[in-house]
Structure formats: C-alpha cells, structure tokens
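Single-letter residue listing:
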Amino acid sequence: MAPVEVEASRRGGSTADSRFLPIRPVLRGRKLSWVDLVVAVGVVVVLYVVVRLGRSMAINFTPGRSTITISTNLADVPYYAARSLLRMFLALGLSFVFTLVYGTAAARMRRARKVLIPVLDILQSIPILVFLPIALTFFIKLFPNSVLGLELASIFVIFTSQAWNMTFSFYHSLVAQPSELDEAARMSRLTKWQRFWKLDVPSSMIGLVWNMMMSMGGGWFFLTASEAVTVFVHGKGVPESLPGIGSYMAAAVAAGSYSKVGVAIGVMVILVVGTNFFVFRPLVAWADKFRMESSESGDPPKSVVLNFLRRSSIPHIAGTAVRPAGRALDRATRPFGLAEYPLHGNVRRRRTGDLVFWVVVLVISAAVVVIGVRYLNSHLGFGRFPELVGEGFATFARVVVLLVISTLIWVPIGVKIGMSPKLSRYAQPVVQVLASFPAILLFPFATLVFIDLGIPLDIGAIVLMMLERSGTSCSTSSPAPAPSPTTCAR
Amino acid sequence: MTSAANSPNKSGAEPIIEVSHVTKSFVSPDGSPLAVLDDISLDLREGEIVALLGRSGSGKSTLLRCIAGLIAPTSGIVRYRGQTLNGANPGVAMVFQSFALLPWLTVRQNVELGLEALGVPPADRRSRAERAIDTIGLDGFELAYPRELSGGMRQRVGFARALVVEPEALLMDEPFSALDVLTAQNLRAELLRLWQEKDFPTKAMLIVTHNIEEAVLLADRIFVLGANPGRIRTEIDCHLPHPRARHDESFQGLVDHIYTLMTGPDTRPPAHIWTAAPAPEGTPIDTPLPQATVGGMSGLLEILIAHGGRDDLPQLAHTLTFEVDDLLPLVDAAQLLGLAEVQDADIQVAEDGRKFVAANIVESKMIFAERARERAPLVRAICQSLLTTKDGTLSEEFFLDLLRRGFSEEEAREQMRIAIDWGRFGELFDFDANTGQLKLERRDEELAS
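A few words on the overall build of chain A. Summing up its helical and strand segments, chain A has 19 helices and two strands in all. With 490 residues in all, chain A has 30% of them scored as buried. By sequence separation, contacts in chain A at least 24 residues apart represent 78% of the contacts at least 6 residues apart.

Turning our eyes to something else, we now look at the overall build of chain B. Assigned secondary structure in chain B consists of 16 helices and 16 strands. Since a compact globule built from 449 residues should have a radius of gyration of about 22 Å, the 25 Å found for chain B is in line with a globular shape. In terms of overall dimensions, chain B has C-alpha extents of about 85 × 50 × 50 Å along its principal axes. Going through the 449 residues of chain B one by one, you find that 44% of them count as buried. A fraction of 69% describes how many contacts in chain B between residues 6 or more apart in sequence connect residues 24 or more apart.

Moving on, we come to the domain arrangement of chain B. Residue and element names in this part refer to chain B. Domain assignment breaks chain B into domain 1 (15-263) and domain 2 (294-445). The interface of domain 1 with domain 2 comprises 18 residues on the first partner and 15 residues on the second. Ranked by residue count, the leading element in the side of domain 1 that touches domain 2 is helix 7 (residues 249-263), at six residues. Residue composition of the side of domain 1 that touches domain 2, grouped by class: eight nonpolar, seven polar and three charged.

Counting from both sides, the interface comprises 32 residues of chain A and, opposite them, 31 residues of chain B. Of all the secondary structure elements, the ones that give two or more residues to the side of chain A that touches chain B are helix 1 (15-18), helix 8 (179-187) and helix 9 (192-221) of chain A. By residue number, the principal contributor to the side of chain A that touches chain B is helix 8 of chain A, which donates six residues. Partitioned by chemical class, the residues of the side of chain A that touches chain B number 12 nonpolar, nine polar and 11 charged.

Moving on, we come to the nonpolar core. Counting 195 residues, the largest nonpolar core has Val-209 of chain A together with Ile-67, Ala-160, Ala-169, Leu-171, Leu-206 and Ala-334 of chain B as its most contacted members. Of the residues forming this core, the biggest block, 15 residues, is contributed by helix 7 (residues 148-175) of chain A. Contact partners of Ala-169 of chain B, with chain neighbours within four places excluded, come to Ile-16, Ile-17, Leu-44, Gly-91, Val-92, Thr-202, Lys-203, Ala-204, Met-205 and Leu-206 of chain B.

Residue and element names in this part refer to chain A. With 77% of its residues at a pLDDT of 70 or more, chain A shows a mean pLDDT of 77. Every residue in residues 1-29 scores below 50 in pLDDT, and together they form 43 contacts with partners more than four places removed in sequence or on other chains. Counting contacts from residues 469-490, a segment whose pLDDT is below 50, to residues more than four positions away or on other chains yields 66 contacts.

Residues and elements named next belong to chain B. One open sheet accounts for three strands, arranged 11-13-12; its pairing is antiparallel. Bordering the open sheet on either side are strand 11 (310-312) and strand 12 (340-343), each of which pairs with just one other strand. Across the sheet, the mean angle from the axis of one strand to that of its neighbour is 20°, orientation sign disregarded. Its contacts with the sheet place helix 8 (residues 294-306) against strand 11, strand 12 and strand 13 (346-349), and it is angled at close to 95° to strand 13.

With that out of the way, let us pick up the packing of helix 6 (residues 131-142) of chain A against helix 7 of chain A. Each pair of packed helices gets described by two things: the angle between the helix axes and the distance between those axes. Residue and element names in this part refer to chain A. For the pair helix 6 and helix 7, interaxial distance at closest approach is 8 Å and the crossing angle is 145°. Crossing handedness for the pair helix 6 and helix 7: right-handed. Along its contact with helix 6, which presents Phe-131, Leu-132, Ala-135, Leu-136, Phe-139, Ile-140 and Leu-142, the element helix 7 presents Gly-149, Leu-150, Leu-152, Ala-153, Phe-156, Val-157 and Thr-160. Here the residues of the contact of helix 6 with helix 7 are counted per class, giving 12 nonpolar, two polar and no charged.

To continue, consider helix 3 (residues 34-56) of chain A. Spanning 23 residues, helix 3 of chain A covers 33 Å between terminal C-alpha atoms, matching the ideal 33 Å at 1.5 Å per step. Burial analysis of helix 3 of chain A places just zero of its 23 residues in the buried class, a small minority of the element.

In this section: the sheet that holds strand 14 (residues 393-395) of chain B. All names here are of chain B. A sheet is described by the order of its strands in space; here three strands give the open sequence 14-16-15, paired in antiparallel fashion. Across the chains shown, the open sheet's two edge strands, defined by having one partner strand only, are strand 14 and strand 15 (429-432). Each strand of the sheet is rotated relative to its neighbour by a mean of 25°, with strand direction disregarded. As defined by bridge partners, strand 14 adjoins strand 16 (residues 437-440) across three bridges and the pair is classed as antiparallel. What sits directly across from Ser-395, in strand 16, is Gln-437. Helix 13 (residues 377-388) rests against strand 14, strand 15 and strand 16 of the sheet, and its axis sits at about 80° to strand 16.

All names here are of chain B. Phi is positive for Ala-100, which is not a glycine, with a value near 55°. Within the secondary structure, Ala-100 is located in the loop between strand 6 (92-95) and helix 2 (107-118). Given 23 C-beta atoms within a 10 Å radius, Ala-100 is considered buried.

All right, on to the pairing of strand 4 (residues 75-80) of chain B then. Residue and element names in this part refer to chain B. With five bridges connecting them, strand 1 (residues 15-27) and strand 4 associate as antiparallel partners. Bridge pairing in strand 4 places Val-19 opposite Val-78. Here strand 4 runs beside strand 5 (residues 83-84); their pairing, made up of two bridges, is antiparallel. Across the sheet, the residue bridging to Arg-79 is Thr-84, located in strand 5. Linking strand 4 to strand 5, which pair antiparallel, is a turn of two residues; within it Arg-81 sits at a positive phi near 50°.

With that out of the way, let us pick up the environment of Leu-316 of chain B. Residues and elements named next belong to chain B. Relative to the helices and strands, Leu-316 resides in helix 9 (residues 313-319). Separated by 239 residues in sequence, Leu-316 and Ile-77 have C-alpha atoms that sit 40 Å apart. If we ignore the near neighbours within four places in the chain, the residues touching Leu-316 are Asp-311, Leu-327 and Ile-347.

Here the focus is the environment of Arg-310 of chain A. Residue and element names in this part refer to chain A. By secondary structure assignment, the location of Arg-310 is in helix 13 (residues 304-311). The buried category is assigned to Arg-310, around which 20 C-beta atoms lie within 10 Å. The spatial distance from the C-alpha of Arg-310 to the C-alpha of Ser-226 is 37 Å, given a sequence separation of 84 residues.

Walk down a regular strand and you will see the side chains alternate between the two sheet faces. Residues and elements named next belong to chain B. Most of strand 9 (residues 221-226) is tucked away: six of the six residues are buried. Residue alternation in strand 9 divides its side chains into two sets, Arg-221, Phe-223 and Leu-225 and Ile-222, Val-224 and Gly-226, and both sets are buried. As paired elements, strand 3 (residues 49-53) and strand 9 share four bridges and run parallel to each other. The partner of Val-50 across the bridge, within strand 9, is Arg-221. Pairing geometry for strand 9 and strand 10 (residues 231-237), over six bridges, is antiparallel.

It is worth spelling out the confidence of the model for chain B at this point. Residue and element names in this part refer to chain B. Per-residue confidence for chain B gives a mean pLDDT of 84, with 91% of residues at or over 70. Every residue in residues 1-10 is under pLDDT 50, and counting partners more than four places away or in other chains gives nine contacts. Predicted confidence for residues 267-279 stays below pLDDT 50, and this span has 19 contacts to residues more than four positions away or in other chains. The ipTM assigned to the predicted complex is 0.76, against a pTM of 0.77.

To continue, consider the packing of helix 12 (residues 361-375) of chain B against helix 13 of chain B. Residues and elements named next belong to chain B. Between helix 12 and helix 13, the least distance of the axes is 5 Å, while the angle of their chain directions is 95°. Comparing the axis directions of helix 12 and helix 13 gives the class roughly perpendicular. Residues Ala-372, Arg-373 and Glu-374 of helix 12 form the contact with helix 13, whose own contacting residues are Val-379, Arg-380 and Cys-383. Residue composition of the contact of helix 12 with helix 13, grouped by class: three nonpolar, no polar and three charged.

Rules of the game
Residues numbered from 1 in each chain as written. Chains lettered and ligands numbered in written order. Predicted model: local features only at pLDDT ≥ 70, side-chain atom pairs only at ≥ 80, totals over all residues. Helix = DSSP H or I, 4+ residues; strand = E, 2+ residues; numbered from the N terminus. Buried ≥ 20, exposed ≤ 12 C-beta atoms within 10 Å, placed from the backbone. Contact = placed C-beta atoms within 7 Å. Rg over C-alpha atoms; globule rule 2.2 N^0.38 Å. Domains from an automatic or database assignment. Nonpolar A, V, L, I, M, F, W, Y, C, P; charged D, E, K, R; others polar. Core = buried A, V, L, I, M, F, W, Y, C linked by C-beta atoms within 7 Å. pLDDT = per-residue confidence, 0-100. Pairing = 2+ DSSP bridges. Axes fitted to C-alpha atoms, helices over the stretch in contact; angles between N-to-C directions. Left-handed = near helix turned anticlockwise from the far one by under 90°. Expected span 1.5 Å × (residues − 1). Parallel < 35°, antiparallel > 145°, perpendicular 65-115°, else oblique.

Shown next, in the form of structure tokens:
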C-alpha cells in the first residue's frame with residue numbers, strides 16, 4: 001500500500017515513531033507478541049475470505065439457460081455482504097490504478113492533456129447507468145459461460161461511479177505540485193519511475209485518500225443498481241441479479257418482508273462504518289505523513305487500527321519482503337529515462353507532431369459524432385427530440401430547486417460544524433456514514449409516503465434527489481480537521 | 001565529462017560552467033516579451049566561490065535556474081564543461097532557499113534520493129549517505145522527518161542531499177535567507193570549513209544572495225546585478241584571506257563600496273533611470289515605485305535624524321539587523337520623494353525630510369502628497385488621469401493594463417498596491433476594493449474653485 005518503502009526503524013526509538021508509540025522499542029527487541037498474532041490472524045482470514053469469494057465469482061453461468069437465484073434467507077446475508085464489499089474494493093482498486101495512469105498522462109503529456117481532460121469532464125457528467133448495457137455486452141462476450149462476465153460488468157459500473165473525482169484530484173495535485181519540489185526532483189536526476197513513486201504519488205496522497213473515501217460512498221449509492229443487471233438474450237432483456245447485499249435488499253422488498261429490508265439496511269450501516277473504521281480512518285491517519293506543510297499538525301488524525309498495526313512487526317516484515325521487488329521495479333524502469341525534458345526542442349518537429357495529433361483527434365471526433373448521430377437516428381429517431389429536450393429542462397429545473405434548498409439547509413450546518421473543532425470531531429464520522437448511506441434505499445418508503453399524502457411525484461422527486469445528494473455536500477463543505485483537498489468532482 | 005576541449009582562460013583555472021550572452025524574457029499578459037535577464041556572460045571556474053548579488057527584480061534566481069539547466073534561456077548559451085545544456089545540468093547540485101525536502105522521507109531517505117537516482121547500490125548508498133550526514137552535522141537525526149527539524153537543521157539536510165552526490169559545482173539559491181541570523185552565520189562558517197578541506201570533492205560554488213555581507217564573507221568573485229532587466233553591473237574580485245572578519249577595515253571597505261554601487265546610479269548606456277533625484281519626466285514604467293510603506297519611510301527618517309541626520313548605510317543596516325532587500329527600498333523611496341539624499345554609501349536626510357518628520361499629521365500628509373504627486377511617476381499619472389475624468393474615478397484595470405506593458409502581472413499589481421498606499425496616505429485618491437475604482441479625493445480649496 002505504501003508508495004514509499006516503509007522504512008521501519010532498525011534502531012530502537014526513532015524520533016519519528018516514538019511520538020506515536022513509546023513502547024515500540026521494547027517490543028522491537030522481542031519475538032512476536034500477541035499484537036502480531038492478532039494482525040497475522042486478521043491477514044490470513046481476509047486472504048482466505050477473498051480467495052473463497054473469488055472462486056464463487058467465476059461459477060458457470062450461461063445467459064438465457066440458467067439464472068442466479070437470490071435467497072432471502074438471513075443466514076446468507078454475511079455472504080452477500082462480503083460479495084458486495086469485495087466488488088466495491090475491486091472497483092476501488094481499479095479506480096486507483098486508472099487514476100494513477102490517466103492522471104499522470106494528463107499532467108505530463110502536453111498533447112494528451114488537451115484531449116484527456118475534456119474527455120474526463122464528459123465522462124464524469126454521464127450518469128453511470130448508461131455504461132451498464134455497454135459493459136455487459138462487452139464482458140459477457142469476453143466470458144461467455146461464466147458469471148465472471150456479469151461480475152466484471154458490475155465492477156466496471158461501480159468503477160465508473162468512483163474513478164472520475166479521484167482522477168481529477170490526482171491530476172490537480174500533479175499540476176499544483178510546488179515548483180521547488182519539481183526542481184529538486186529534476187536536479188536530483190530522478191528517473192521517471194522514481195519521480196512518480198517518490199514525489200508524484202506521495203504528494204497527491206492526502207487528496208487521493210479523501211477522494212477514495214468519497215468514491216466509496218458514491219459506490220454504495222449505486223450498489224443496488226449495479227447488482228441488478230439486464231442480460232440480453234436474442235434481443236430480449238432478461239433481468240438477472242448478482243449475489244450481493246443490494247440484490248438481497250431488492251429480493252426482500254419484492255418478497256414484501258420489511259424486517260429483512262431492515263436487516264439489510266442494518267448490515268449496510270455496519271459495512272459503511274466498518275470500512276471507515278478498518279480501512280479509511282487508518283488510511284487518513286497514515287496519509288497525514290504526506291502533508292506538505294512543514295510544521296507538525298495541531299491535531300493529526302488518529303486511528304486505533306493504524307496504531308495497532310504500527311505496534312506490530314508484520315507491516316515491517318512485509319515491507320522487507322517486498323523491498324527486492326521494489327528494487328527490481330526501479331531497475332526495470334530505468335531505461336525509460338529521467339523525469340526531464342529537453343530545454344531546446346526541435347520547433348519544426350514539435351509543430352509537425354502537433355499538426356498530426358490534431359488531425360487524428362479531429363478525424364476520431366468526427367467519426368464518433370457521425371456514428372452517434374446515425375445510432376440515435378436509427379434507434380430513436382430525431383422526431384422525439386423536442387420531447388426529450390423538454391424532459392431535460394424539467395430535470396434541470398428540479399436540480400436547480402434542489403440545489404437552492406440544499407444550499408439553504410446545509411451550508412449553515414456545514415459552516416457551524418467547520419467553525420467548531422469540537423463539533424466537527426463528533427460530526428465528522430456521522431456525516432461520513434450519512435454520506436455513504438445509500439439514500440436510494442429510502443426511495444420505496446418515501447414514495448409510499450408521498451402517495452399517502454397526495455404530494456405529486458414531480459415535487460417528491462426533488463426531495464428524493466436532495467436526500468441523495470445532501471449528505472455528500474455536507475461532508476465536503478465541512479472542513480475536516482486534516483486538510484481534505486476533496487477536489488470533489490461529484 | 002572530459003575537459004579536453006576547454007581552452008584555458010585568463011585565470012588559468014578550468015571553467016566548469018560558462019554563461020555567454022544569456023537573455024531571458026517571459027511573455028507578459030498582453031503578449032509582449034518582458035525581459036528578465038539581459039545579455040549575461042560569466043563563468044564559474046575550478047577552485048572559486050562566486051556570488052551573484054542583486055536586489056529583488058535583478059533576475060538572479062532566474063539566472064541560477066538557467067545555469068542549473070532547469071529553464072532554457074531565451075537566447076545565449078550555458079555550457080557545462082564545454083557541453084551546451086539541454087536539461088538539468090549534470091555536474092551540479094542545488095541548495096534551495098525553501099529547502100525543498102520531501103516531507104514524507106526521513107533525513108536519510110532524503111539524502112539517499114540523489115544516490116538512488118544515480119543507481120548506486122543500496123549498501124554503498126547507505127554508507128555514503130551516513131558519511132554526508134555526519135559531515136554536515138546531522139548525526140542522530142537520520143530517522144527524523146523534515147517537519148520535526150528546525151530551519152537550520154532542514155537546510156543541513158538540503159546541503160547533505162546536494163553534497164552526497166559529490167557535484168563538481170554547488171549552486172545555492174539564497175540558502176541562508178530563510179534562517180535566523182545566528183543559524184545562518186553558523187552554517188556559513190561550516191560551509192567554508194568544508195570548502196577548505198583538501199578532499200572536498202566539489203570544485204566550485206555559486207551562491208545567489210541579496211545580502212552584501214554574505215557575498216563578501218564567502219565569495220572570491222562577486223557579480224553585482226542590476227534590476228529591470230537583470231544584467232551584470234560590475235564584477236568585483238575579493239581576495240581577502242579566510243576566515244574573513246566583519247570588522248576588518250578592508251572587509252568594511254568592500255561592503256561600503258558595494259553599497260555605493262547598489263544605491264548609486266545604474267549606468268546602463270540607454271538608461272534614463274533616475275539618479276540622485278528623479279527626473280520629473282520619468283514614467284511609471286522606467287521609474288517603478290520602491291516597495292516601501294509610508295510608515296517604513298518615516299521610521300527610517302526618524303532613525304536618521306536621531307543619528308544626527310546622516311549615516312553610513314552598511315552601518316545603519318547592521319544596527320537595524322536589516323538586509324539590503326529590506327533597507328534599500330526604504331532608502332530608494334525616500335530618495336525618490338526627495339526626502340533623503342544618498343551619496344556613496346551614506347544617506348542624509350533632506351530638508352523636506354526633516355519637515356516631513358517634524359510636522360503634525362495633517363502637514364506631513366500635505367508634504368507627502370505634494371512630493372508624491374511631483375516625483376513618483378505612477379502617483380502623478382494616476383492623479384492626472386483622474387483629473388481628466390468627469391467624476392474623478394477610473395478603474396484600477398486601466399492602470400494595470402498600462403503597467404503590464406513593462407511589468408509582469410505580479411509586479412504590476414505590486415506597483416498599484418504601493419501607489420494606492422501612497423495615494424491614500426497623501427489623501428490624493430482613494431480606492432474601493434469592491435468595485436476596483438480609484439477615486440480622486442477633492443480637497444476643500446479645489447472644491448471651492
């Protein structure tokens with residue numbers, strides 16, 4: 001996980017670590033302690049679960065011939081929860097890798113940036129469900145006789161709900177990198193890889209961690225949607241559900257068992273709080289070392305889990321174990337050259353390159369427009385456009401109203417929380433849970449209430465949209481104790 | 001890395017770095033080029049310490065970055081061992097004013113970084129880093145993170161990181177200016193001690209500074225840079241034996257000499273920059289306002305009067321523990337407004353200066369207003385422009401646009417800031433930050449007429 005080798009202190013009682021763990025030197029001299037035992041057992045259990053779940057992700061499945069059944073048996077809830085969680089983390093991992101590659105390309109390649117950033121801007125504004133049919137077709141073709149195709153499609157859809165804000169955050173960190181660090185890296189003649197791993201990733205780490213947290217919240221929102229997939233068999237849609245807590249919830253609603261919906265909601269809350277406690281809180285506390293300010297922070301984020309891990313020698317052992325791999329990577333990437341560019345470029349060659357680049361971009365964009373127009377015309381017909389534009393305006397009006405109301409409610413609350421360190425210490429975890437909580441789950445209940453009260457759904461929709469968004473906006477507007485550069489694209 | 005192609009120069013020592021006819025200009029917001037460096041030629045030879053001494057705006061840091069190969073000169077060439085640079089200079093390491101350490105790496109990891117980049121094997125890396133850390137006096141801090149260290153200790157890490165790769169030349173960009181006086185003195189002395197050791201692998205050092213004493217303490221040759229655009233005004237050889245004593249007569253003489261140079265007229269052939277008193281026809285572009293507040297100016301004048309109305313500038317700076325960048329803008333401003341006169345390295349309060357200090361607040365505002373309107377070109381331009389409008393208001397943008405022809409965006413804004421500060425004090429005009437409008441202050445007599 002650590003982008004920098006975990007240089008655990010060989011000598012006892014380093015200045016750096018002793019402030020976290022005064023007892024560390026004592027433990028260091030000993031053999032393995034109970035702390036190590038707990039950590040080791042934890043690691044083994046997690047690995048075992050992941051392997052078991054991984055296996056069941058690839059069972060045989062042929063669209064049209066077999067179906068996946070979702071039981072509403074309470075005993076299956078933990079299994080479904082684990083499946084959903086694994087899916088989310090795989091998607092998050094994918095988003096992370098995508099972010100590093102895409103962000104670096106956009107920040108470091110002058111020409112690529114001109115295309116990559118607008119493309120990213122478009123991608124992040126497309127509702128994610130649009131991607132689902134495309135992804136399904138692709139992945140089912142890739143794995144025709146396995147549920148893996150569906151699984152990957154679902155992961156891909158979650159990925160599309162998580163990646164963009166992380167990528168923007170990384171890109172902005174790279175572009176806003178302090179010039180003296182850039183100069184120091186170039187004077188030190190770092191290779192491209194060293195620059196990336198020692199400077200670019202660490203300097204963006206805090207923003208990345210916060211945005212991962214936001215993204216995970218975003219992922220929960222679309223859990224139900226991403227687990228309910230429609231497979232096309234001979235041109236006919238067949239609804240399928242992937243095993244997961246979202247499908248369980250859908251099945252429970254379908255079966256009319258409100259107690260089971262309640263259980264599912266409870267489990268979801270546990271998952272959200274649990275990932276925060278075991279994953280994101282430690283990550284935030286750990287990422288504090290990547291702060292740019294050169295002074296000690298007044299109130300550094302703390303994590304019980306991270307402190308526990310720091311007491312154990314297992315991270316150190318793991319660090320030592322992967323170090324040769326790190327060195328090999330360092331050597332292997334050396335031929336890619338230094339993180340440096342020529343001062344005096346060949347002007348003519350650069351201009352020619354620009355020309356070729358823009359011609360290619362223009363041709364591709366033109367092709368995309370032509371294909372898109374043809375597709376729309378054959379599947380939809382341009383006759384329906386006025387109607388669609390009208391509906392678009394209705395949506396837009398709802399969004400504006402919701403924006404105004406949300407701002408009126410949440411900005412004062414956010415300011416209040418942000419101004420009071422004491423309040424924000426308590427409010428932060430609550431807000432995080434609220435932000436991650438899939439308000440979509442409340443839709444069925446809320447809809448029923450609106451119908452009962454006779455409120456037209458047009459207006460009710462605004463309230464529902466607000467439910468979905470307000471948690472997130474509150475968590476971004478309340479300044480966290482640690483600097484949270486949530487370049488939140490959401 | 002061969003030096004066979006080099007011809008011996010006048011001193012006989014090999015030049016490591018040669019800078020010939022370097023100019024650098026940036027593109028100003030309205031598209032016209034803005035010169036920062038103008039026709040600079042110098043060289044750095046084996047066995048010498050060279051100082052680039054200049055005030056802010058002299059482009060000394062830009063010049064250093066050209067020499068380091070971090071930025072390309074607009075024209076002219078920088079050579080390292082005869083090779084024209086096309087990227088970071090392979091023979092140098094750099095020490096930064098802001099230290100530029102990676103906060104997430106320990107002291108040792110920071111020091112090892114450059115060796116890692118060179119592909120030095122881990123064991124070797126460790127021992128070389130240890131040696132550098134010991135040499136620079138960071139023993140015991142190997143595992144500390146930069147944010148746990150004081151400024152002085154951080155800059156030691158900066159030096160260790162630069163020296164561990166054994167560069168042929170060490171470039172330093174105001175390395176001591178972020179440190180307190182005593183720490184800076186201490187570190188300077190240690191650097192000199194290292195330099196004088198026989199097996200010190202670095203063959204030359206180049207330091208950028210705005211501190212005259214620092215330049216005289218360290219350097220064998222001093223290039224005094226002029227500002228707007230930066231160019232070499234003089235090259236001074238400085239062959240006092242080390243360690244140099246501040247109170248030594250020859251040391252003080254040299255410092256005085258450089259002070260005279262830096263406050264005196266800037267004799268560039270086509271220059272029309274003001275001399276002792278500004279030519280009244282100076283324009284806002286060729287006569288920029290010095291970065292001085294009215295309070296600072298009157299403080300300086302009061303101290304001078306307390307010192308008998310006349311003082312030696314180095315002496316004054318020393319008493320006030322000011323550096324040249326702090327003191328000279330005040331001196332320039334007082335001189336520009338005719339409140340003080342400068343001759344050689346001496347400053348003397350002018351008659352108007354005495355009146356200005358002695359007067360009550362209303363009178364001194366009047367004196368100041370009159371002087372500023374007469375002698376500070378930008379203030380004068382603003383007043384005249386405002387008078388021509390019907391309601392006596394004009395947008396700040398109007399003046400910024402004019403200033404951008406000769407200044408960078410930042411400098412233009414700074415000029416406006418100073419002009420507004422002066423104008424407000426003199427009650428010549430006021431500025432509404434919300435609307436960005438400058439407004440003429442009408443005086444009673446003007447209203448009556």
